[in-house]
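Listed below are the residues making up each chain.
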Amino acid sequence: MPPRVPPGAARMIWSDDRSPDTAGAAGEINGGEITVGVIGLGRMAQALVFPLIEAGLLDRQRLLAVVASEASAERLRHSHQLAVSTDPLQAWQAPVVLLAVKPQQLEGVAAALAAAEAPTSPRLLISVLAGVTLARLQRLFPNCLMVRAVPNTPCLVRAGLTGLAWGEGLSAAHKEWVQQLFARVGEVLELPEPQLDGFLALTSSGPAFVALVAEAMADGAVAAGLPRSLAQHLAHRTLAGTAALLHERELHPGQLKDMVTSPAGTTIAGLRHLERAGLRSALIEAVVAAADRSRELA
Ligand SMILES: NC(=O)c1ccc[n+]([C@@H]2O[C@H](COP(=O)([O-])OP(=O)(O)OC[C@H]3O[C@@H](n4cnc5c(N)ncnc54)[C@H](OP(=O)(O)O)[C@@H]3O)[C@@H](O)[C@H]2O)c1
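The structure presented is a predicted model; accordingly, all values stated were derived computationally and were not measured. (Residues numbered from 1 in each chain as written. Predicted model: local features only at pLDDT ≥ 70, side-chain atom pairs only at ≥ 80, totals over all residues.)

Draft legend 1. Region of interest: the packing of helix 7 (residues 206–223) against helix 8 (residues 228–248). It is the contact of helix 7 with helix 8, at a shortest axis distance of 8 Å, that shows an interaxial angle of 135°. As summarised for this structure, helix 7 and helix 8 are arranged oblique, according to the angle between their axes. Between helix 7 and helix 8 the crossing geometry is right-handed. Across the interface between the two elements, Val210, Ala214, Met217, Ala218, Ala221 and Val222 of helix 7 pack against Arg228, Ala231, Gln232, Leu234, Ala235, His236 and Leu239 of helix 8. Taken together, the residues that form the contact of helix 7 with helix 8 break down as ten nonpolar, two polar and one charged. (Axes fitted to C-alpha atoms, helices over the stretch in contact; angles between N-to-C directions. Helix = DSSP H or I, 4+ residues; strand = E, 2+ residues; numbered from the N terminus. Parallel < 35°, antiparallel > 145°, perpendicular 65-115°, else oblique. Left-handed = near helix turned anticlockwise from the far one by under 90°. Contact = placed C-beta atoms within 7 Å. Nonpolar A, V, L, I, M, F, W, Y, C, P; charged D, E, K, R; others polar.)

Set out below in structure tokens:
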């Protein structure tokens, strides 16, 4: 198992009670609260940043966010009272920058920074871009210390998973700071960079695969005569309860399957259909395809 930081175990280092012996991320993090820049305050960045703001762990006045369109900036300023701009340089004023644009928007971000010849001092850059390697990030942002993070959408409800791979030159204190940041929205794992594609395929694409299963199971219940809203509720609860049982009892999925499958019963009748339809193979191939696509994007 890779080293793991349990959810909620960590304190935010930049809060008032931060440990004085924790070194600064890029030389500027030491002392008091820090300002965080966000380039691309879209769905993923919001899933990370909003829980921190709601928990009072990140001061909204200390967030310098950049988006592409004035319409998005205006919407975020209005709905969340945040400093959101379309000026690409705004975020680079902060010592820590979260990079969360789409991979195809990356070159534009780097070009804007290069044209402005900023920043002048090293920044800690945390990239959540799928498939974009540390080596490429380092080439595009040579003046930054680099972290590659793969968070997933359940971070929105603090039930996330984040995989982290480190760039060159980060101290133990940098790493601890970043781990604690992501620990606020879920579980954090350190991984060798080549494993991040498989990690992303399972944990970031996985919620979409599971949502499809939830929707299809509810369709089945509707076909069996249940009202839609009840069927959807039951599907969600069944998935959540099953995940909790697997996790808390540390059961292998096969054990749980056998626990609920009685001879000549209802479950084995359903399982026969799933095996005939190739559900296992479809899910295996879905995860492999997502991992391949992540490598392709790199
Ligand atoms: N969603 C996930 O589960 C997940 C998981 C892991 C990693 N990721 C990664 O997270 C990244 C963002 O994904 P997302 O789903 O959050 O995308 P998204 O919702 O489309 O957000 C992209 C954001 O980037 C902004 N943007 C575009 N070009 C920009 C530029 N040149 N400068 C500054 N901001 C710019 C967009 O602004 P406008 O709104 O004005 O267009 C938008 O706010 C992707 O690289 C993805 O690989 C996502």
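Draft legend 2. Focus on the nonpolar core. Judged by nonpolar contacts, the single largest core of 62 residues is most densely connected at Val38, Ala65, Leu99 and Leu125. Sort the elements by how many residues they give to this core and strand 7 (residues 144–151) lands first, with six residues. In this structure Leu99 touches Ile39, Gly40, Leu125, Ile126, Ser127, Val128 and Leu129, once residues within four positions along its chain are discounted. (Core = buried A, V, L, I, M, F, W, Y, C linked by C-beta atoms within 7 Å. Buried ≥ 20, exposed ≤ 12 C-beta atoms within 10 Å, placed from the backbone.)

Draft legend 3. Inspection of unusual backbone geometry at higher detail. Phi is positive for Arg158, close to 55°, though the residue is something other than glycine. By secondary structure assignment, the location of Arg158 is in the loop between strand 7 and strand 8 (160–166). Unlike most non-glycine residues, Ala264 shows phi in positive territory, near 55°. Take Ala264: it is sitting in the loop between helix 9 (253–259) and helix 10 (266–277).

Draft legend 4. Focus on helix 6 (residues 196–203). Of all eight residues in helix 6, six are buried, a share of seventy percent or more. Taken together, the buried positions of helix 6 are occupied by Leu196, Asp197, Phe199, Leu200, Ala201 and Thr203.

Draft legend 5. The packing of helix 6 against helix 11 (residues 279–297), seen in detail. At a closest axis distance of 8 Å, the pairing of helix 6 and helix 11 adopts a crossing angle of 130°. Comparing their axes, helix 11 and helix 6 come out oblique. Where helix 6 crosses over helix 11, the two elements pack in a sense that is right-handed. Across the interface between the two elements, Asp197, Gly198, Leu200, Ala201 and Leu202 of helix 6 pack against Val287, Ala290, Ala291, Ser294 and Arg295 of helix 11. Grouping the amino acids of the contact of helix 6 with helix 11 by side-chain chemistry returns six nonpolar, two polar and two charged.

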